[in-house]
Each structure stands twice: as structure tokens, then as C-alpha cells.
Amino acid sequence: MAGVAVLRPLVRVPARGLRRTYATSIPAKAHHRVVIVGGGTAGVTVAAQLQRSTEFDKKDIAILDPAKIHHYQPGWTLVGSGLRDLDDMKKPMSEIIPEGVKHYPLRVSTFDPANNAIKTSEGVDVSYDYLVVAPGLETNFASVSGLEQALQNPASQVSSIYSEKTVEQVWKNIQAFKKGPAIFTQPAGVIKCAGAPQKVMWMALSQWKLDGVRDNIDITFATGGPAMFAVPKYSQALENLRKERNVEGLFQHNLVKVDPKSKVATFKNLADGAKAALVEREFGFLHVVPPQKPWDWIAKSQLADAAGWVDVDKSTTQHTKFKNVFSLGDGSSLPNSKTAAAITSQAPVLIDNLLAAMKGKELKASYDGYASCPLLTGHNELMLCEFKYGGVPKETFASILGDQEVPNRLFYHLKKDFFPYAYWNYFVKGTWFGPSGFFRPDTTKQA
């Protein structure tokens, strides 16, 4: 791409809206010691922790992300359930970028890892000594026929918590629905926060019970997966809950089409294998979780594995081919649940290994696959699912409160009240480490 020869403003904004870390003028070429692609939870957390590290001298970090707003996406479940306001779950990107870190509002088009370079859609070339790739993933609403049109029509009774544009409609639909079939879907394949599809279902059921209309509503959980959850311990507990609360389980059924006019949802029965018969279900209320995938500009790059994710070692987070490249979060190939909680454990490992690589030392920090799903099961109750690679439970409070597959009120308030507060005040500022709280974990030791 042709670069620009002089400094030029990339985005016109009022002067009062600027922050000292926002790059209002960008040269044709820029170079930084560490470049981070992505200003979401993973990218900002790495930048904040690296900036705070006493072992990282000559601090020179840049984040590339065209977004103007930073979203706390785990909070969208709370918004869709009527527990919190959407405004509480977002802030201007300029307020989130760590002090001293340069933010380029640029969109990556191609990677050239052999030459430590990135090309952007805006015609700016950015080079680096070290690269951290944390772009998140793409929610693919368009892959379900009729879904985008249905979501644009409030009268369709179709909604989704997986977009800031549609999440508020979820709560409106829950409040308005009084009778008929209600379907909650989960697609086959990888998604972020795999517990979220049923979080909103359990909260809707709880609300309908409070409203006195639960007996008039037939609830179905239609999932492309074979079970309620990927971790056996929690899956069994959720299966028991499903049966106790009279929720139909439609397993290995993947949503492929929505007809908002006739109010029919069409599923592909994956249990049929190659035959894959289509199954139609009428609905009065439909909550959809869209299929999700790697960004095309990642999948088509030299950094991607065969599935399109950034190809990294599952323990060190270092790229399998390019040793000055690291990745974490939803866009990485790390074979764990894609959650914000996972980043609390991934980020310190990445930081320690990145610093070791800079010094030419052995990478000793190791990520054990820790992830957490604070799974709402109703008002004033939550099942705190915590686990590591292999679906092995790794519970923080089990020794104090007992097995965490039993929902309780304390966990509910962690999700509803404490986690959003901790996110804005500590997590993205590099001082929150999940299960370790405010104490940075020893990344060379894994329980």
C-alpha cells in the first residue's frame, strides 16, 4: 500500500475529546518496540501489565485498534437480563488505553512477520521488535439466514446478547413475552463465553417465574453441542437443573435459518451426520447466539493455523514459528474456553515469556488453560465454573464454600456487582489477576 508522505490527521475529533495516548497524527511509517494488535480486554491488559513491569525498560508500546469504544462484554449478559445498564459496560477507548501507550486507530490488513511489519487499511506501515496479537474473534450473524433482518425488527421477538446493538432488546423481549414457545440457541463450534447462551435462558426463566407466567411458556435450549457444558462436572449439574426446571434439551441442533414472519427457526440435526436433516420449530420468543470465527485478516495470514486462529504454543503463548510473536485471548489458538477470566491467567504468562524472549532466556512461564464461566442460573444464584485444560475443575472457593457446581448468592453478586467494578478499576489497569486477586501469580508454578 502507498504510504502518506506527511503527517496527517487520521480521525477528526473535537479537541476536548482527545487523550494524551491517542495518536491524532500518524506518519507513513511507525516503529515500536512492542506492537499490540487489538484494544479489547486481552490487548489492553497486556499493555497495562507490560507498562507497569519493572523488568521492561525502554517502554515503547503501541496498540492498533480502530474502535472508539471499549466494551466490557461479559456485562452484556447482565444487560440482557435487566440487571445492569448498557452504559455501565462501555467506555471511550481513550480512557482505557494505559498511560504512556500509543493508540493508533488503524485497521490491520496484512501481516509480514518475516520482516516484523504490519500493513494497515489506512496505508500506514507499522513495524515492531515484538508483536502481541489479540484481535478477538468475529460474531457471524450473517451466517444464519434471515437473522440480521430479524434482529433489525423489534417486533420479531428475536434478539441476542452478543452485540451492543441488540443486547437491550433481549430484556425488552423477556419482559413482553407472556405465553408460547421460547427457544434459546447455541451454535456448534467455538464461541466466546460458552456459558452465556444459557445464562440468559436461566435469567429469562427466573424472570418469567417472578412475573407469574412461567407455566405458560415452553422453554427449549437448542445447542449444536452434545451436552449442556463442555466440562463434565458442571454439565451434569446443569443437566440436572434443566430437567428439574422442565426445560427441553435439543442437543446437536444447529440454527441455520430464522423466518421472523412465520416465526419459524430451522435447525440442522448434526446427530444425523452427513444426512443432517432439517428441523423446524415455531417460536414466540427466540434468543440467538451467532456462529463465531477468526477474523479473515487473521485466518489468511502467515500467523494462522489451519483453523484460522493465531498459532501459538498452548503453554507459553509464543507463536510456533515466529518467536517474537505472541498471542492470547479469543483470537489465539489456545485450546481453552474463550473468556475474559482466561485472560487473567494468560496475560501474566505472556508477559513473563515475552520479557524472557527479549533477554534471550528460556521461556519458563506456563499457562495451564485456566478459564472461568460465572454462570447465572437465576436471580440471586450463580454457578461459578472454573477449570483448566482437559475440563479439570480448578475452583477458587471450593475449600471454603464447597463444590462450586452448587449455585449460590455470593457468586451471583461477584458477577453482577464486583466483576464489572474490578474490570474498570483494576483488570484493564494491569492490577487484577483473577483467582490470585491483586497478587501477581508465579507463572512457573501451575496447580
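Here's what I pulled together on the structure shown here. (Residues numbered from 1 in each chain as written. Predicted model: local features only at pLDDT ≥ 70, side-chain atom pairs only at ≥ 80, totals over all residues. Heavy atoms only, no water.)

## Describing the overall build of the protein chain
A count of helices and strands for the protein chain gives 11 helices and 24 strands. Structurally, the protein chain occupies a C-alpha span of about 65 × 50 × 50 Å along its principal axes. Long-range contacts, defined here as pairs at least 24 residues apart, represent 65% of the contacts in the protein chain between residues at least 6 apart. (Helix = DSSP H or I, 4+ residues; strand = E, 2+ residues; numbered from the N terminus. Contact = heavy atoms within 4.5 Å.)

## Notes on the pattern of salt bridges
Counting across every chain of the model gives 17 salt bridges. Close ionic contact of Asp88 with Arg84 constitutes a salt bridge, the shortest N to O distance being 3.6 Å. A single salt-bridge network, built from bridges that share partners, covers Lys233, Glu395, Asp403 and Glu405. (Salt bridge = Lys/Arg side-chain N within 4 Å of Asp/Glu carboxyl O.)

## Some thoughts on the sheet that holds strand β23 (residues 381-388)
An order of β22-β23-β24 is seen for the three strands of this open sheet, with the pairing classed as antiparallel. Both outer strands of the open sheet, β22 (371-378) and β24 (392-393), are each paired with one neighbouring strand and no more. Where β22 meets β23, seven bridges bridge the pair, whose relative direction is antiparallel. Directly across from Cys373, in β23, lies its bridge partner Cys385. Strand contacts of helix α7 (residues 232-244): β22, β23 and β24, with the helix running at about 155° to β23, the strand carrying the most contacts. (Pairing = 2+ DSSP bridges. Axes fitted to C-alpha atoms, helices over the stretch in contact; angles between N-to-C directions.)

## Re a nonpolar patch on the surface
Taken together, Ile400, Leu401 and Leu410 make up a surface patch of nonpolar side chains, about 300 Å² in accessible area. Counting through the fold element by element, Ile400 comes out in helix α10 (residues 398-401). (Patch = residues over 30% accessible without salt bridge, like charges linked within 9 Å, V, L, I, M, F, W, Y side chains within 5 Å. Areas by Shrake-Rupley, 256 points an atom, 1.4 Å probe, with all protein chains shown as cover.)

## Observations concerning the packing of aromatic side chains
Summed over the entire model, instances satisfying the criterion amount to 21 aromatic pairs. Their ring planes at 65° and their centres at 5.6 Å tell us that Phe418 and Trp432 sit as a pair that is edge-to-face. Taken as a pair, Phe418 in helix α11 (residues 409-425) and Trp432 in the segment after α11 lie far apart in primary sequence, 14 residues in all. Phe418 gets classed as partly exposed once you look at its relative accessible area, which sits at 30%. Between Trp432 and Phe438, the ring centres sit 5.2 Å apart and the planes meet at 75°, which makes this aromatic pair edge-to-face. (Phe/Tyr/Trp six-rings, centres within 6.5 Å; stacked < 30°, edge-to-face > 60°. Buried < 20%, exposed > 50% of the residue type's maximum accessible area, 1.4 Å probe, protein only.)

## Quick look at the nonpolar core
By size, the foremost hydrophobic cluster in this structure holds 130 residues, and its most contacted members are Leu131, Phe184 and Trp208. Residue contributions to this core peak at 11 residues, all from helix α9 (residues 340-358). Not counting the four nearest positions on each side in its chain, Leu131 is found in contact with Val35, Val37, Phe111, Ile118, Leu303, Asn324, Val325 and Phe326. (Core = buried A, V, L, I, M, F, W, Y, C linked by side-chain atoms within 4.5 Å.)

## Let's talk about the pairing of strand β18 (residues 278-282)
With zero of its five residues buried, β18 lies for the most part at the surface. Two elements, strand β17 (residues 264-269) and β18, share five bridges in a ladder whose sense is antiparallel. Within β18, the residue paired with Thr266 across the bridge is Glu280.

## A closer look at the packing of helix α5 (residues 167-176) against helix α6 (residues 196-210)
Relative orientation of the contacting elements α5 and α6 amounts to 35°, with a least axis distance of 10 Å. The handedness of the crossing between α5 and α6 is right-handed. Between α5 and α6, the contacting residues are Val170, Trp171 and Ile174 on the first element and Val200, Ala204, Gln207 and Trp208 on the second. (Left-handed = near helix turned anticlockwise from the far one by under 90°.)

## A look at α11
Under the 1.5 Å per step criterion, the end-to-end length of α11 is 23 Å for 17 residues, consistent within 8% with the ideal 24 Å. For α11, the principal kink sits at Phe418 and spans about 45°; a proline, Pro420, occurs within the next four residues. Of all the positions in α11, only Phe411, Tyr412, Leu414, Lys415, Lys416, Pro420, Ala422, Tyr423 and Trp424 are classed as buried. Between a side-chain oxygen at the N-terminus of α11 and the backbone nitrogen of Leu410 the separation is 3.0 Å; the capping residue is Asn408. (Expected span 1.5 Å × (residues − 1). Bend = angle between axes of the 7 residues up to and from the residue. Polar contact = N/O pair within 3.5 Å; in protein donor to acceptor, adjacent residues only side chain to side chain.)

## Quick look at the layout of surface pockets
The volume enclosed by the second largest pocket comes to roughly 610 Å³. In this structure, the second largest pocket is lined by 32 residues; those nearest its centre are Gln186, Gly189, Ala194, Ala230 and Ser337. Elements supplying a minimum of two residues to the lining of the second largest pocket: β14 (217-223) and β23. In the lining of the second largest pocket, the residues fall into 17 nonpolar, 13 polar and two charged. (1 Å grid on protein atoms, 1.4 Å probe; cavity = no way out; pocket = protein on both sides within 12 Å on 5 of 7 lines; lining within 4 Å. Points joined across faces, edges and corners; volume = space filled by probe spheres on them. Nonpolar A, V, L, I, M, F, W, Y, C, P; charged D, E, K, R; others polar.)

## Some remarks on the environment of Pro113
Inspection of the secondary structure puts Pro113 in the loop between β8 (108-112) and β9 (117-120). What makes Pro113 buried here is its relative accessible area of 3%. Sequence separation between Pro113 and Ser301 is 188 residues; the distance between their C-alpha atoms is 9.3 Å. Each residue touching Pro113, except ones within four places of it in the same chain, is listed here: Tyr128, Gln302, Leu303 and Phe322.

## Regarding α7
In this model, α7 (13 residues) spans 18 Å end to end at C-alpha, consistent with the 18 Å of a helix rising 1.5 Å per residue. Looking at α7, one finds that the buried residues are Tyr234, Ser235, Ala237, Leu238, Glu239, Leu241 and Arg242. Where α7 terminates, the next one or two residues include Asn246, which has phi positive at roughly 55°.

## A closer look at the sheet that holds β18
The antiparallel open sheet is built from three strands, whose spatial order is β16-β17-β18. The sheet is open, and its two borders are formed by β16 (253-259) and β18, each paired with just one other strand. Sheet twist, expressed as the mean angle between neighbouring strand axes with direction ignored, is 30°. Inspection of the sheet shows β16 paired to β17 by six bridges, in the antiparallel sense. Counted as the bridge partner of Asp259 is Val264 from β17.

## Quick word on unusual backbone geometry
Although it is not a glycine, Asn116 adopts a positive phi angle of roughly 50°. For Asn116, a relative accessible area of 25% gives the class partly exposed. Positioned with a positive phi, Asn380 is a non-glycine residue whose angle comes to about 65°. By the secondary structure assignment, Asn380 is in the loop between β22 and β23. For Asn380, a relative accessible area of 32% gives the class partly exposed.

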